[in-house]
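Here is how the chains run, residue by residue.
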Amino acid sequence: MEAILDKFLRYVSFDTQSDENSESQPSSSKQLVLLQALTDELKALGIKAELDEYGYVMATIPSNCPDKDIPAVGFIAHVDTSPDASGKDIKPQIIKNYDGISDIPLKGVPGLELRVADFPELGDYRGQTIITTDGTTLLGADDKAGVAEIMCAAEWIMEHPEFKHGEIKIGFTPDEEIGRGVVKFNVAKFGAKYAYTMDGGKIGELEYENFNAAAATITVQGCNIHPGYAKGKMVNAMRVAMEFNDLLPKEQKPEYTCGYEGFFHLIAMNGTVENASISYIIRDHDMVLYEYKKQVVREIAEFLNNKYGDIVKVEIKHQYYNMKKEVEPHIHIVEKAVKAMEMEGIKPLIQPIRGGTDGANLSFMGLPCPNIFAGGHNFHGKLEFVPLESMEKASKVILNIIGLFAEA
């Protein structure tokens, strides 16, 4: 566990926040610093690795079973952290032998705590080592925990030539947090027949269903008149935008939904009387309901345009589809992950992802790619934490999967 802790702490020291407003690939050059470091680290282990022009690290450990036809299996994690909170100058806190009942002060912000009353799952990690933020930034376990887990597994394999395995592919990607993680990923070049993203949450999570996803931006062109003379003339763009939001189904917000229930999530708003814009992400597991949600957005805009004139415009961009239909024909890769967890005494928690991973798009690009736990909780915010033991177990699950493919 010391090895995986050292790697994790080193990786989170890199500021790798992606930038949704950038059009470059990757979206922020600072991601390349960690990607290059990982390439160098892989090469130092004796693993063939390269970093391409788009920020993808691809590496190969050759099969040591030349007489067996073992499919190449890949393991993928993303290096970027969410734009939702700062990822610069992360100061992790390490709580050893956590008692499972005490609130954990985040010492960088007086009064801020990880409270057991708010996060009762903390009690599941009694006696373990908990890594938290200091409250001033996110932690970056999403997905540097996954990066550390893959790197530790790779290092162990290189140190144990007696471990039988087929060809192993390793991939590290940028920009997953802004939905562009694999837009230029060359699946054929990567060379895996099957892969797994190490990008899930708490220990045991295993997912091969995810949301269908779109992003919607609504812009409003208002009419600004001096308020003293505005009667019958002014159209306040901000108020029209607020009206748009009020017309969306009130029960279909993230804070009111769970399981397979989809939502409209307001993620940004900006405006003046003259111009306003609001942005949403639209999510649903069911394709029919997903398309219906997009139609609801268009119909609300049409209603407001009939009311105020042609002042509301809608732009909807597709982000990713539900990977289920691409993975189910290869369900044995899910079954192997289940067995690999059970070998470590982990109870698999098979559930739909209320989000998305690089694996969703990769599955539609011809690389079936379920998602396995990385171990963290409370991603994208200052209350993020990860148990060290969960990361260690995840790395062992990787090794078990590789071994199971070699046995087949």
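That block above? That's the structure.
It should be emphasised that the depicted structure is a prediction, and the values quoted were computed from it without experimental measurement.

Evaluation of the coordinates by the stated rule reveals nine aromatic pairs. With a centroid separation of 5.3 Å and 80 degrees between ring planes, the pair formed by tryptophan 156 and phenylalanine 163 is classed as edge-to-face. Ring geometry for phenylalanine 185 and phenylalanine 190: centres 5.2 Å apart, planes at 65 degrees, overall edge-to-face. These aromatic residues form a ring-pair network of at least three members: Tyr56, Phe185 and Phe190. In this structure, lysine 336 packs its charged tip against the face of phenylalanine 405, placed 4.9 Å from the ring centre.

Before going further, it helps to examine the environment of glycine 74. Tracing the backbone shows glycine 74 in strand S3 (residues 73–78). Beyond its immediate stretch of four places on either side in the chain, glycine 74 contacts Lys169, Phe190, Ala192, Tyr194, Ala195 and Tyr196.

Once that is clear, we can look at unusual backbone geometry. Going from glutamine 25 to proline 26, the amide bond is cis rather than trans, its omega being -5 degrees. Take proline 26: it is sitting in the loop between helix H1 (2–12) and helix H2 (30–44). Its identity is not glycine, yet asparagine 97 carries a phi of approximately 50 degrees, on the positive side. If you trace the backbone, asparagine 97 turns up in the loop between strand S4 (93–95) and strand S5 (104–105). Unlike most non-glycine residues, aspartate 175 shows phi in positive territory, near 65 degrees. With respect to the secondary-structure elements, aspartate 175 resides in the loop between strand S8 (168–173) and helix H4 (187–190). Looking at aspartate 175, the relative accessible area reads 0%, which means it is buried.

A word on H2. In this model, H2 (15 residues) spans 22 Å end to end at C-alpha, consistent with the 21 Å of a helix rising 1.5 Å per residue. In the core, the buried residues of H2 are packed alongside H1, strand S1 (48–51), strand S2 (57–61), helix H3 (141–159) and S8. At the C-terminal side of H2, glycine 46 shows a positive phi close to 90 degrees.

What follows is about the sheet that holds strand S11 (residues 212–221). Strands sit in the order S12-S13-S11-S14 across an open sheet of four strands; the sheet is antiparallel. With partners counted over all chains shown, the strands left at the sheet margins are strand S12 (263–271) and strand S14 (312–320), one partner each. Taken over all neighbouring pairs, the strand axes of this sheet differ in orientation by 15 degrees on average, direction set aside. Where S11 meets strand S13 (residues 275–284), ten bridges bridge the pair, whose relative direction is antiparallel.

Before going further, it helps to examine the nonpolar core. One finds Phe8, Leu42, Phe75, Phe172, Tyr196, Ile372 and Ile401 to be the most contacted residues of the largest nonpolar core, which totals 76 residues. Among residues more than four places away in sequence, those in contact with phenylalanine 8 are Ile131, Leu139, Gly140, Ala141, Lys144, Ala145, Ala148, Val386 and Met391. The next biggest cluster of nonpolar side chains, apart from the first, holds 23 residues, and it includes Ile218, Val240, Ile282 and Val296.

With that out of the way, let us pick up a nonpolar patch on the surface. A surface patch of nonpolar side chains, about 240 Å² in accessible area, is lined by Met287, Tyr321 and Phe364. Turning to its location among the elements, phenylalanine 364 is positioned in helix H9 (residues 358–364).

Further remarks concern the sheet that holds S3. Backbone-to-backbone hydrogen bonds join strands into a sheet, with any given pair of strands oriented parallel or antiparallel. Ordered in space as S1-S2-S8-S3-S9-S16-S10-S15, the eight strands form an open sheet in which the pairing is mixed. On the outer flanks of this sheet lie S1 and strand S15 (349–350), each paired with one strand and no other. For S1 and S2, the ladder comprises four bridges, and the chain directions are antiparallel. Looking at S2, one finds that alanine 49 is bridged to alanine 59. Together, S1, S2 and S8 form the strand contacts of H2, whose direction differs from that of S1 by roughly 165 degrees.

The next subject is the packing of H1 against H3. One can describe the packing of H1 onto H3 by two numbers: an axis separation of 9 Å at closest approach and a directional angle of 135 degrees. One element, H1, and the other, H3, form an angle in the oblique class. Two packed elements cross with a definite hand, and for H1 against H3 that hand is right-handed. The residues of H3 that touch H1, namely those facing Ala3, Ile4, Lys7, Phe8, Tyr11 and Val12, are Ala141, Lys144, Ala145, Val147, Ala148, Glu149, Met151, Cys152 and Glu155. For the contact of H1 with H3, a count of residues per class yields eleven nonpolar, no polar and four charged.

Reading the values: rules and limits
- Residues numbered from 1 in each chain as written.
- Predicted model: local features only at pLDDT ≥ 70, side-chain atom pairs only at ≥ 80, totals over all residues.
- Heavy atoms only, no water.
- Phe/Tyr/Trp six-rings, centres within 6.5 Å; stacked < 30°, edge-to-face > 60°.
- Lys NZ or Arg CZ within 6 Å of the ring centre and 35° of its normal.
- Helix = DSSP H or I, 4+ residues; strand = E, 2+ residues; numbered from the N terminus.
- Contact = heavy atoms within 4.5 Å.
- Buried < 20%, exposed > 50% of the residue type's maximum accessible area, 1.4 Å probe, protein only.
- Expected span 1.5 Å × (residues − 1).
- Pairing = 2+ DSSP bridges.
- Axes fitted to C-alpha atoms, helices over the stretch in contact; angles between N-to-C directions.
- Core = buried A, V, L, I, M, F, W, Y, C linked by side-chain atoms within 4.5 Å.
- Patch = residues over 30% accessible without salt bridge, like charges linked within 9 Å, V, L, I, M, F, W, Y side chains within 5 Å.
- Areas by Shrake-Rupley, 256 points an atom, 1.4 Å probe, with all protein chains shown as cover.
- Salt bridge = Lys/Arg side-chain N within 4 Å of Asp/Glu carboxyl O.
- Parallel < 35°, antiparallel > 145°, perpendicular 65-115°, else oblique.
- Left-handed = near helix turned anticlockwise from the far one by under 90°.
- Nonpolar A, V, L, I, M, F, W, Y, C, P; charged D, E, K, R; others polar.

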